[in-house]
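Residue strings, one per chain:
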Amino acid sequence: MAGLGALGAGVSPLFHGQQQPAGAADITLTIAPVTVDLAPDRVISTVGYNGTAPGPILRMKEGVPVTVDVINNTDVPEQVHWHGLLIPADVDGADEEGTPPVPAHGRRRYRFTPTPAGTRWYHTHTMAMNDLHRGSFTGQFGFLVVEPAQRGQDPGQYDQEVFLALRDWEPYFTSMFMDTDDLYQRTPTPEKPAVLDTRPNGLEVGAAVYSINDKALGHGEPIRVKPGQRVLMHLLNASAIENRAIALPGHQFHVLSLDGNPVPTPAAVDQIFLGPGERVDAFVEMNSPGVWILGAPEDDIRNGGLGIVVEYENQRRQPEWVKGGKGAWDYTVFGRTPAPATTNGAELPVIDMRFEKVPRGAAPFNSFLVNGKMYPHEQEFVLKAGTRYRVIFRNRTDDAHPLHLHRHIFELKEMYGKPTAGIMKDTVVVPSYGRATVELLANQPGPSLFHCHIQHHMDYGFKALFHTA
Ligand SMILES: [Cu+2]
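Just so we're clear, the structure is a prediction, and the values are computed from it rather than from any experiment.

A.B. asks: Help me out: how do you make sense of the overall build of the protein in this one?
C.D. replies: Secondary structure assignment for the protein yields 5 helices and 32 strands. Relative to its length of 469 residues, the protein is compact, with a C-alpha radius of gyration of 22 Å against a globular reference of 23 Å. Each of the three principal axes of the protein carries a C-alpha extent, and together these read 70 × 55 × 55 Å. Evaluated residue by residue, the protein yields a buried proportion of 58% over its 469 residues.

A.B. asks: Sorry, what's going on with the sheet that holds strand E31 (residues 446-452) here?
C.D. replies: Strand pairing in a sheet is mediated by backbone hydrogen bonds. Such pairs are either parallel or antiparallel. Overall, mixed pairing links the 5 strands, which are arranged E24-E32-E31-E26-E29 in an open sheet. Across the chains shown, the open sheet's two edge strands, defined by having one partner strand only, are strand E24 (381-383) and strand E29 (427-430). The average undirected angle you get between the axes of adjacent strands in this sheet is 20°. Two strands pair when backbone bridges link them, and E31 and strand E32 (residues 463-468) are joined in this way by 6 bridges, in the antiparallel orientation. Bridge pairing in E32 places Leu449 opposite Leu465.

A.B. asks: Where do I start with the coordination of the copper ion in this structure?
C.D. replies: Where a metal carries four tetrahedral donors, each ideal angle is 109.5 degrees; where it carries six octahedral donors, the ideal angles are 90 or 180 degrees. Bound to the copper ion are the protein donor atoms His401 (ND1), Cys452 (SG) and His457 (ND1), situated 2.0 to 2.1 Å from the metal. Sequence spacing of the donors to the copper ion: H-x50-C-x4-H. Residue His401 is found in strand E26 (residues 401-405), and its partner His457 is found in helix H5 (residues 455-459); the two are separated by 56 residues along the sequence. An identical accessibility class is assigned to His401 and His457; each is buried.

A.B. asks: Would you explain the sheet that holds strand E1 (residues 27-39) in this entry?
C.D. replies: Judged by pairing direction, the sheet is mixed, and its 4 strands sit side by side in the order E2-E1-E4-E6 without closing on themselves. Looking at strand neighbours, the two that pair on one side only are strand E2 (42-49) and strand E6 (107-112), the edges of this open sheet. Across the sheet, the mean angle separating the axes of adjacent strands is 30° when strand polarity is ignored. Two elements, strand E4 (residues 66-72) and E6, share 6 bridges in a ladder whose sense is antiparallel. Residue pairing for E6: Val70 is matched across the bridge by Arg108.

Scoring rules and cut-offs
- Residues numbered from 1 in each chain as written.
- Predicted model: local features only at pLDDT ≥ 70, side-chain atom pairs only at ≥ 80, totals over all residues.
- Heavy atoms only, no water.
- Helix = DSSP H or I, 4+ residues; strand = E, 2+ residues; numbered from the N terminus.
- Rg over C-alpha atoms; globule rule 2.2 N^0.38 Å.
- Buried < 20%, exposed > 50% of the residue type's maximum accessible area, 1.4 Å probe, protein only.
- Pairing = 2+ DSSP bridges.
- Axes fitted to C-alpha atoms, helices over the stretch in contact; angles between N-to-C directions.
- Donors = N, O, S within 2.8 Å, 3.2 Å for Na, K, Ca; no water.

The structure is reproduced here in structure tokens:
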């Protein structure tokens, strides 16, 4: 009577063999079906956290241990990944790293010490494959703010703070996929092969319904501002599918942090570009009274819902969009000039990563190779603890890919063929046929997952494991 024995040991069958938690958790996340009212005539049925999508904004304190209970009220095992945190593999939230999943109709308790301070996020990390109702196609995402242990690193004075997660909904497979990435990163193509693979592409994933947080443009509350106010915006691209741009006519974004990490050279830009997984913290000086649309520059995407109204006090009129100028995005604007060549990292051991797409035509999905192989190939990237590495990302595909490394923050060293320093990130968009060089310190024992943050690219081979021993 093994079942009775288990009950006798104080384990409730509700918990499917997991240890029943002792004491209250600091945070409880419940995964369950939700509806998202993007607009009165656009209601999405998906899965979210605590009855909403996006989930609640979680706040943790840097260096203060936290307990999170995750209750899974769905029929499939789940993983909650804490994106941008430097935490152990067994709580990081990825099957590939050996994190135990949250069982279907079960629960799991996470304990970790959040670090470093900054704008992080949390999201599901399951595979979706050909199921567009799973993984990051669902509403399982939310902001996670790690507050600094000590005050003083504040992004200046601001009058209000807004959290804006960019999303698309109702994804579908398509062979008519047109991405806009090359409009935003016009850059050298050192990785372009002499002979291009001209086999027909497989299906990509598209969407035509968009939102910021849980509302389509024109629905929900506007951001209400007064002239002279400074508004701190936390932007996140929570899409499973595509890189996105965002602009606010008549205003500039003063970029303070990328992926939650303060940049060496804060600078003002007209437009922000974010790959899936990336965050930008920027403040906007409200010095252009009116009623404006903060939204995607592309008319079809903005009109499809990717926007929010910014309304100045005592202004009553239709929200206005004004087409802006060129929105070229360049990470190196926010970097600093690298130190002299003697310390430029040329002496560091190199991890050379080459990414290729295998066009599959009607197969129906393309697959992706890292150094000539599909995942798994975990023997390839073995790192020695305490060693600093130079990592080269060679994008030999015709797409821009947002590349994410778990449990590490890396420094951009070369981007668009330009040297830079001091920009610390966990996700970087490498343009089509482009190259990025980053550096990282191997200081996280065990496996760390590396992958493209576009769900179907990751699922079809675009990932690898780093092992630090
Ligand atoms: Cu990708």
